[in-house]
Amino acid sequence: MNTTSKSLNRVVVTGMGIVSPVGNDIATAWNNILNGVSGISAIDDYDASNLPVRFRGSIRNFDFSKYFNAKEARKMDLFIHYGLAAAVDAIEDSGLTFDDEETADKAGVIIGSGIGGLPGMLGGYKDFLSNGARRVSPFYVPSNIINMISGNVSIRYGLRGPNLATATACASATHSISQAYRLIQHGDAEIMIAGGAEMAGSDMGIAGFAAAKALSTRNDNPEFASRPWDKDRDGFVLADGAGVLVLETLERAQRRGAKIYGEIIGIGMSGDAYHITATHPDGKGAARCMQNALQDAEINASEIDYINAHGTSTPIGDLAETRAIKTALGDEAKNTVISSTKSMTGHALGAAGGLEAIFTLLALRDGKIPPTINLDNPSEECDLDYCPKTARDANLKIAMSNSFGFGGTNGTIIFRKV
């Protein structure tokens, strides 16, 4: 598409939906985040006694019957349940309807996942081993593949615009939102439903990440296990959930009198080109990602008021992100408030960027910076303002959200208060 002869569309967020360890609606989740309530607890939905890690950020009190019937539910892995529920709530929150063909033609979906239907794939394989090929469900594939959140949302609402899914590990939701922003900017769509969902907290998911030495093993104190930048951090806490946004052109949103949470003004992407799981120790790729976002937004580092950091609570990752922020923002890094809401939610992998985009937008809306809980003693070199322990009132105009994933994939989004 030739974009040199026309201006780019401005893109705003008009709806949000969430399923998370701290709450399954926006008001509850945000209240718990601001009050520093941990969503981490011992695993109680399956026997975890033989696992090295026996806690996670679980989804509690989720009622799928609000969104689909039992027959439909059996055709979907839990990550699709969560993603579809968050999308339904986001669309309802936006006030949009898709009754006319023109609107439906201009509306699309891009909801990603880092892993997809891990419990469903394992369960189907067990059925295959026990009962043979003839007993494998005809829904085995469509109930587990990553693009079926987008597919189900598109079918449910009759959305005939772009229908995609992004799988970039822990950056999946951030990249989904970023791609949706670009599609609207360039006129490929006027409305996009975007975000991510994950349910990898099964026994196999816990076992796999534990084998990679990625998880905290603080089994006796789960609520204190996710402790970004703290000297006693020992790994991230696996979590489940979904975070979905409704994006649309500013012009359309204003025309229909929509509630606007904020505007996306820039995105950044980069690759570390370094290691399959470890970030570059100096955070070079992450720094370049943030710099790309600043350039795209056409703003200076001094204009960033708040960063919702990737902040997973891993020894290498937290230090690398701190170094990256210092590189990207220069002298302004010490004047910028940073926090990690993963200290409360845990790390929801492909859903994380969706959850954190929501919290970043709410921070702008309310002028409140979420805390980083469990930060008792910052480790060496982790010397920035991480908003420890308690939420903080602040005059926020522009905020950044970071997501970095296995394979060295990085994503940054910059939001502005409208």
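This write-up is about the structure you can find in this document. (Residues numbered from 1 in each chain as written. Predicted model: local features only at pLDDT ≥ 70, side-chain atom pairs only at ≥ 80, totals over all residues. Heavy atoms only, no water.)

### Quick word on the sheet that holds strand 7 (residues 241-249)
So, point 1. Read across the open sheet, the ten strands follow the order 5-4-6-7-1-8-14-13-9-10; overall the sheet is mixed. Two strands lie at the open edges of the sheet, namely strand 5 (163-164) and strand 10 (337-339), each paired on one side alone.
So, point 2. The pairing of strand 9 (residues 306-308) with strand 10 spans three bridges and is classified as parallel. Its bridge partner being in strand 10, asparagine 308 is matched across the sheet by serine 339.
So, point 3. Those strands touched by helix 6 (residues 148-157) are strand 4 (107-112), strand 5 and strand 6 (191-198), and its axis lies near 155° from that of strand 4. (Pairing = 2+ DSSP bridges. Helix = DSSP H or I, 4+ residues; strand = E, 2+ residues; numbered from the N terminus. Contact = heavy atoms within 4.5 Å. Axes fitted to C-alpha atoms, helices over the stretch in contact; angles between N-to-C directions.)

### Brief notes about the environment of tyrosine 157
So, point 1. Checked against the element boundaries, tyrosine 157 lands in helix 6.
So, point 2. Overall, tyrosine 157 belongs to the partly exposed group, its relative accessible area being 22%.
So, point 3. Sequence-wise, tyrosine 157 and threonine 97 are 60 residues apart; in three dimensions their C-alpha atoms are separated by 8.4 Å.
So, point 4. Apart from residues no more than four positions distant in its own chain, tyrosine 157 is found in contact with Val88, Ile91 and Phe98. (Buried < 20%, exposed > 50% of the residue type's maximum accessible area, 1.4 Å probe, protein only.)

### Here's the deal with the packing of aromatic side chains
So, point 1. Counted under the stated rule, the structure contains nine aromatic pairs.
So, point 2. Here phenylalanine 62 and tyrosine 67 contribute two aromatic rings whose centre-to-centre distance is 6.1 Å and whose plane-to-plane angle is 10°, an arrangement assigned as stacked.
So, point 3. Judged by relative accessible area, tyrosine 67 falls into the buried class, the value being 8%.
So, point 4. Measuring from ring centre to ring centre gives 4.2 Å for tryptophan 229 and tyrosine 386, while their planes differ by 15°; the resulting arrangement is stacked. Of this pair, tryptophan 229 sits in the loop between helix 8 (203-211) and strand 7 while tyrosine 386 sits in the loop between strand 11 (368-369) and strand 12 (392-393), placing them 157 residues apart in sequence. Both residues of the pair, tryptophan 229 and tyrosine 386, belong to the buried class.
So, point 5. The structure contains a cluster of three or more aromatic residues connected by ring pairs, namely Phe62, Tyr67 and Tyr82. (Phe/Tyr/Trp six-rings, centres within 6.5 Å; stacked < 30°, edge-to-face > 60°.)

### Quick word on the pairing of strand 14 (residues 409-416)
So, point 1. Where burial is concerned, most of strand 14 is hidden: seven out of the eight residues are buried.
So, point 2. Pairing between strand 8 (residues 262-271) and strand 14: eight bridges, direction antiparallel. Each bridged residue has a counterpart across the sheet, and for glycine 268 the counterpart in strand 14 is threonine 412.
So, point 3. Note that strand 13 (residues 398-405) and strand 14 share eight bridges and pair antiparallel. Bridging from a neighbouring strand, alanine 399 pairs with phenylalanine 415 of strand 14.
So, point 4. Between strand 13 and strand 14, which pair antiparallel one after the other, the connecting turn spans three residues, and glycine 407 there sits at a positive phi close to 90°.

### Structural notes on the pattern of salt bridges
So, point 1. Under the definition given, this model contains 25 salt bridges.
So, point 2. Across the salt bridge formed by arginine 233 and aspartate 318, the nearest N and O atoms sit 3.5 Å from each other. Remark: aspartate 318 occurs in helix 11 (residues 315-329) and arginine 233 occurs in the loop between helix 8 and strand 7; sequence separation between them is 85 residues. Comparing arginine 233 with aspartate 318 shows no difference in burial state: the two are buried.
So, point 3. In this structure, arginine 323 and glutamate 381 form a salt bridge, with 2.7 Å as the shortest nitrogen-oxygen distance. Of the two residues, arginine 323 sits in helix 11 while glutamate 381 sits in the loop between strand 11 and strand 12, which places them 58 residues apart along the sequence.
So, point 4. Taking relative accessible area as the criterion, glutamate 381 reaches 37% and is therefore assigned partly exposed.
So, point 5. Taken together, the shared-partner salt bridges in this structure form one network comprising Glu102, Lys106, Glu190 and Arg252. (Salt bridge = Lys/Arg side-chain N within 4 Å of Asp/Glu carboxyl O.)

### Quick look at the side chain of asparagine 410
So, point 1. Here asparagine 410 is to be found in strand 14.
So, point 2. Within the structure, the side chain of asparagine 410 is placed 3.0 Å from the side chain of aspartate 272, a separation counted as a polar contact.
So, point 3. Excluding its chain neighbours within four sequence positions, the residues that come into contact with asparagine 410 are His175, Gly268, Met269, Ser270, Gly271, Asp272, Gly285, Ala286, Cys289, Ser403 and Phe404. (Polar contact = N/O pair within 3.5 Å; in protein donor to acceptor, adjacent residues only side chain to side chain.)

### Section: the environment of serine 154
So, point 1. Counting through the fold element by element, serine 154 comes out in helix 6.
So, point 2. In this structure, the C-alpha to C-alpha distance between serine 154 and glycine 15, residues 139 residues apart in sequence, is 16 Å.
So, point 3. Here leucine 159 takes part through its backbone oxygen, which lies 2.7 Å from a polar atom of the side chain of serine 154.

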